[in-house]
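So you can see what is in the structure, the chains are spelled out below.
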Amino acid sequence: MSRTTKISIVVPFLNEMDNLPTLLERVGAVFANRAEDWELLLVDDGSTDGSPEWAIEQSRSNRHVRVLRLSRNFGHQLAITAGLDRTDGDAVVIMDADLQDTPETIPALINKWREGYEVVFAVRRSRAGETWLKKFLAARFYRLFRFLTQTQIPMDAGDFRLVDRRVVDALREMRELHRFMRGLTCWVGYRQGSVEYDRAARHAGETKYPVWKSARLAIDAITSFSAAPLRWIVQFGMLVCVLALIWVIYVMGLAIFAPHTLERGWASLIAVIVFLGGVQLIGIGMLGQYVSRIFEEGKRRPLYILRDDTRDTAAPPS
Ligand code: UDP
Ligand code: MG
């Protein structure tokens, strides 16, 4: 006899006390009349507002709730990783705690999975309650990322998705520190499908992803998937060399045929020096981005440190 299918819902959270109770309620309602077994795996990413204590309390009375606590704030992507590492679901849904990813979309994800798709993205049909700047930058980022990396990440899909056990196992093989989970789930291949949903506004609380943090994720995403910026430096350097050569010939011509004009070159000289100085600094900085990646990966530290797993501390079944 085959055991019942288990769906695991991995939810990283940071200070989401006002959202977790509603989240649990709505996820519970979704599964109330479904045949699958389910687990809500809440990953506490260093919260300080009492939400982990609340979650652990729930896990004592509700067998569907399981809590992982990280030892400090490691960031959204690593919290997801911790959840994927520890879950044993046949399919895993990754979603945010703030109910922007609507739990009511989960059945659609599961249906698509049952059709044979190993990765099912929830693609935003619309996006409520976000600043135009964030939406604009997000749209630009997805297009740039696809252009640079040839990784076909679907436009306008966040981290909300369902992945099959096989994909989870593949993701667990990838131990890079700077991880962009959306890119990695595309990278693993398999059959990838999508369903549409209307992204809601945050249920309560403030976003933990201000624009600068999103920008950092974008830089991480690009530098971990593409060396194109390094190619750009080389191409730009070549262009400057060609221009410089033309300029040198021109100046030599002046020196021979109109020597008196050369004394007036101060302004153009300064302009060229300052400009090239800037370009060189950008070039070194870009190189530095990649070198620092090597440095950080080279340390081979664990990606996160787990403090508690309520399943380990739970009393063993008699
Ligand atoms: N989050 C996290 N660690 C962090 C920042 C955010 O676990 O360092 C969680 C957060 O609690 C939420 C999800 O990641 O469940 C997405 O964050 P948020 O909703 O603030 O981002 P936005 O939707 O505004 O991009
Ligand atoms: Mg959110």
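All residue numbers refer to position in the chain's written sequence, counted from 1. Naming scheme: in the order in which they are written, chains are lettered from A and ligands are numbered from 1. Local features in this predicted model are restricted to residues whose pLDDT is 70 or higher, and side-chain atom pairs enter the listing and the counts only when it is 80 or higher, whereas totals over whole chains, interfaces and linings include all residues. Hydrogens and waters are ignored; side-chain quantities use all the structure's heavy atoms.

Peer 1: What am I meant to see in the overall build of the protein here?
Peer 2: In this text, helices come from DSSP runs of H or I with a minimum length of four residues, and strands from runs of E with a minimum of two, each type numbered from the N-terminal end. Scanning the protein for helices and strands turns up 11 helices and eight strands. Using C-alpha atoms as the atom set, the radius of gyration is obtained and then compared with a globule rule of 2.2 Å times the number of residues to the power 0.38. Against the 2.2 N^0.38 benchmark of 20 Å for 318 residues, the protein shows a C-alpha radius of gyration of 25 Å, more extended than a compact globule. Considering only C-alpha atoms, the protein reaches an extent of 100 × 40 × 35 Å along its principal axes. Only protein chains enter the area calculation, which uses a 1.4 Å probe; residues under 20% of their type maximum are buried, those over 50% are exposed, and those in between are partly exposed. Counting every position in the protein, which comprises 318 residues, the buried fraction comes to 44%. When checking whether two residues touch, look at their non-hydrogen atoms; a contact exists if any pair is within 4.5 Å. Partitioning the contacts of the protein with sequence separation of at least 6, the portion at a separation of at least 24 is 82%. All accessibility values rest on the Shrake-Rupley procedure with a 1.4 Å probe; residue burial counts only the protein chains present in the view. Carbon and sulfur atoms form 62% of the exposed surface of the protein, whose accessible area is close to 17,200 Å². The average position of the 41 basic charges and that of the 37 acidic charges among the side chains of the protein differ by 4 Å. A positive count includes Lys and Arg, and a negative count includes Asp and Glu. His and the chain ends are not counted in either. By convention, the charge on Lys lies at NZ, on Arg at CZ, on Asp at CG and on Glu at CD.

Peer 1: Help me understand a nonpolar patch on the surface in this model?
Peer 2: Patch construction takes residues with relative accessible area above 30% that form no salt bridge. Like charges are linked within 9 Å, and nonpolar side chains (Val, Leu, Ile, Met, Phe, Trp, Tyr) are linked within 5 Å. The term salt bridge refers to a pairing of a side-chain nitrogen on Lys or Arg with a carboxyl oxygen on Asp or Glu at a separation within 4 Å. A contiguous nonpolar patch, built from Phe236, Leu239, Val242, Leu243, Ile246 and Phe275 and spanning about 580 Å² of accessible area, is present on the exposed surface. Ranked by the residues each element gives to the nonpolar patch, the list is headed by helix H9 (residues 228-257), at five residues. Within the secondary structure, Ile246 sits in helix H9.

Peer 1: Is there a simple way to think about the coordination of the magnesium ion (ligand 2) in this case?
Peer 2: Reference geometry at the metal: tetrahedral coordination by four donors gives ideal angles of 109.5 degrees; octahedral coordination by six donors gives 90 or 180 degrees. Atoms of type N, O and S within 2.8 Å of a metal are treated as its donors, and for Na, K and Ca the window is 3.2 Å; water is not considered, so some sites may appear to be missing partners. For the magnesium ion (ligand 2), the full set of protein donor atoms is Asp98 (OD) and Gln100 (OE1), and the range of their distances to it is 1.9 Å. Take Asp98 and Gln100: they sit in the same class, and that class is buried.

Peer 1: Just checking my understanding: could you explain the nonpolar core for this structure?
Peer 2: Most often, soluble globular proteins have nonpolar side chains that are buried together. The definition of a nonpolar core used throughout is a set of buried Ala, Val, Leu, Ile, Met, Phe, Trp, Tyr and Cys residues joined through side-chain atoms within 4.5 Å. Ranked by size, the top nonpolar core spans 41 residues in total, and within it Val43, Leu70, Leu84, Phe141, Phe145, Leu171 and Phe180 carry the most contacts. Apart from the residues lying within four places of it in its own chain, the contact partners of Leu70 are Val43, Asp44, Asp45, Ala79, Ala82, Tyr304, Ile305, Leu306 and Arg307. By size, the runner-up hydrophobic cluster in this structure holds 33 residues, among which are Ile106, Val120, Ala122 and Val195.

Peer 1: Help me understand the sheet that holds strand E4 (residues 91-94) in this model?
Peer 2: Within a sheet, neighbouring strands are paired by backbone hydrogen bonds and run either parallel or antiparallel to one another. If you walk across this open sheet you meet the eight strands as E7-E5-E6-E4-E1-E2-E3-E8, and the pairing is mixed. On the outer flanks of this sheet lie strand E7 (192-199) and strand E8 (306-309), each paired with one strand and no other. The mean angle between the axes of side-by-side strands here comes to 20°, regardless of whether they run parallel or antiparallel. As defined by bridge partners, E4 adjoins strand E6 (residues 157-164) across four bridges and the pair is classed as antiparallel. Its bridge partner being in E6, Val92 is matched across the sheet by Val163. Any two strands with at least two DSSP-identified bridges between them are counted as paired. Fitted lines through C-alpha atoms serve as axes, helices being fitted only where they are in contact, and the angles separating the N-to-C directions of these axes extend from 0 to 180 degrees.

Peer 1: It is not clear to me how the site of ligand 1 should be interpreted in this structure. Could you clarify?
Peer 2: Neighbouring ligand 1 are 19 residues; Asp45, Asp98, Gln100, Thr207 and Lys208 lie closest to it. Within 3.5 Å is the distance limit for a polar contact, defined as a pair of N or O atoms, with the added protein rule that one can donate a hydrogen and the other accept it, and that residues adjacent in sequence qualify only through two side-chain atoms. Within the contact set of ligand 1, an oxygen atom lies 2.6 Å away from a side-chain nitrogen or oxygen of Gln100. The separation between an oxygen atom of ligand 1 and a polar side-chain atom of Arg199 is 3.3 Å. Note on residue categories: nonpolar means Ala, Val, Leu, Ile, Met, Phe, Trp, Tyr, Cys or Pro, charged means Asp, Glu, Lys or Arg, and polar means any other residue, Gly included. Across the shell around ligand 1, the residue classes tally to five nonpolar, five polar and nine charged. Put simply, a residue is near a molecule or strand once any heavy atom of it comes within 4 Å of that molecule or strand.

Peer 1: Would you mind showing me how to read the packing of helix H1 (residues 20-32) against helix H2 (residues 51-61) here?
Peer 2: The axes of two packed helices give the description: the angle between them and the distance between them. Interaxial distance between H1 and H2 falls to 11 Å at its minimum, and their mutual angle equals 30°. Between H1 and H2, the contacting residues are Leu20, Pro21 and Leu24 on the first element and Ser51, Trp54 and Gln58 on the second. Classifying every residue of the contact of H1 with H2 by side-chain character gives four nonpolar, two polar and no charged.

Peer 1: Looking at this structure, how should I read the pattern of salt bridges?
Peer 2: Close approach of charged atoms allows side chains with opposite charge to pair. One pass over the structure, following the stated rule, counts 21 salt bridges. Lys6 is the salt-bridge partner of Asp88, the closest N and O atoms lying 3.0 Å from each other. On the criterion of sequence distance, the pair formed by Asp88 in the loop between helix H3 (76-86) and E4 and Lys6 in strand E1 (residues 6-13) is long-range, its members being 82 residues apart. With its nearest N and O atoms 2.8 Å apart, the salt bridge here joins Glu36 to Arg114. Of the two residues, Glu36 is situated in the loop between H1 and strand E2 (37-44) and Arg114 in helix H4 (residues 106-114); the sequence distance between them amounts to 78 residues. The exposure class assigned to Arg114 is partly exposed, which follows from its relative accessible area of 47%. Connected through salt bridges with shared partners, the residues Lys6, Glu39, Arg66, Arg86, Asp88, Asp309 and Arg311 form a single ionic network.

Peer 1: Is there a simple way to explain the packing of aromatic side chains in this structure?
Peer 2: What characterises a pair of aromatic rings is the spacing of the ring centres plus the angle enclosed by the ring planes. For Phe, Tyr and Trp, rings pair up if their centres lie within 6.5 Å, where Trp contributes its six-membered ring, and each pair is then called stacked (planes under 30 degrees apart), edge-to-face (over 60) or tilted (otherwise). Counted under the stated rule, the structure contains nine aromatic pairs. Seen from their ring centres, Phe145 and Phe225 are 5.4 Å apart, and the 65° between their planes marks the pair as edge-to-face. Of the two residues, Phe145 sits in helix H5 (residues 132-149) while Phe225 sits in helix H8 (residues 211-225), which places them 80 residues apart along the sequence. With respect to burial, Phe145 and Phe225 carry one shared label: buried. Here the aromatic cluster, defined as three or more aromatic residues joined through ring pairs, consists of Phe141, Tyr142, Phe145, Phe180 and Phe225. One cation-aromatic arrangement involves Arg72 over Phe74; the distance from NZ or CZ to the ring centre is 3.9 Å. Two conditions define a charge located above a ring, namely a distance within 6 Å from the ring centre to NZ of Lys or CZ of Arg, and an angle within 35 degrees of the ring normal.

Peer 1: Hey, could you run me through the packing of H5 against H8 in this one?
Peer 2: Closest axis-to-axis distance for the H5/H8 pair is 10 Å, and the angle between their directions is 5°. Taken together, the axes of H5 and H8 are roughly parallel relative to one another. Across the interface between the two elements, Leu133, Lys134, Leu137, Phe141, Leu144, Phe145, Leu148 and Thr149 from H5 touch Val211, Ser214, Ala218, Ala221, Ile222 and Phe225 from H8. Counted by class, the contact of H5 with H8 contains 11 nonpolar, two polar and one charged residues. Orientation labels follow simple angle bins: below 35 degrees gives roughly parallel, above 145 gives roughly antiparallel, 65 to 115 gives roughly perpendicular, and whatever is left gives oblique.

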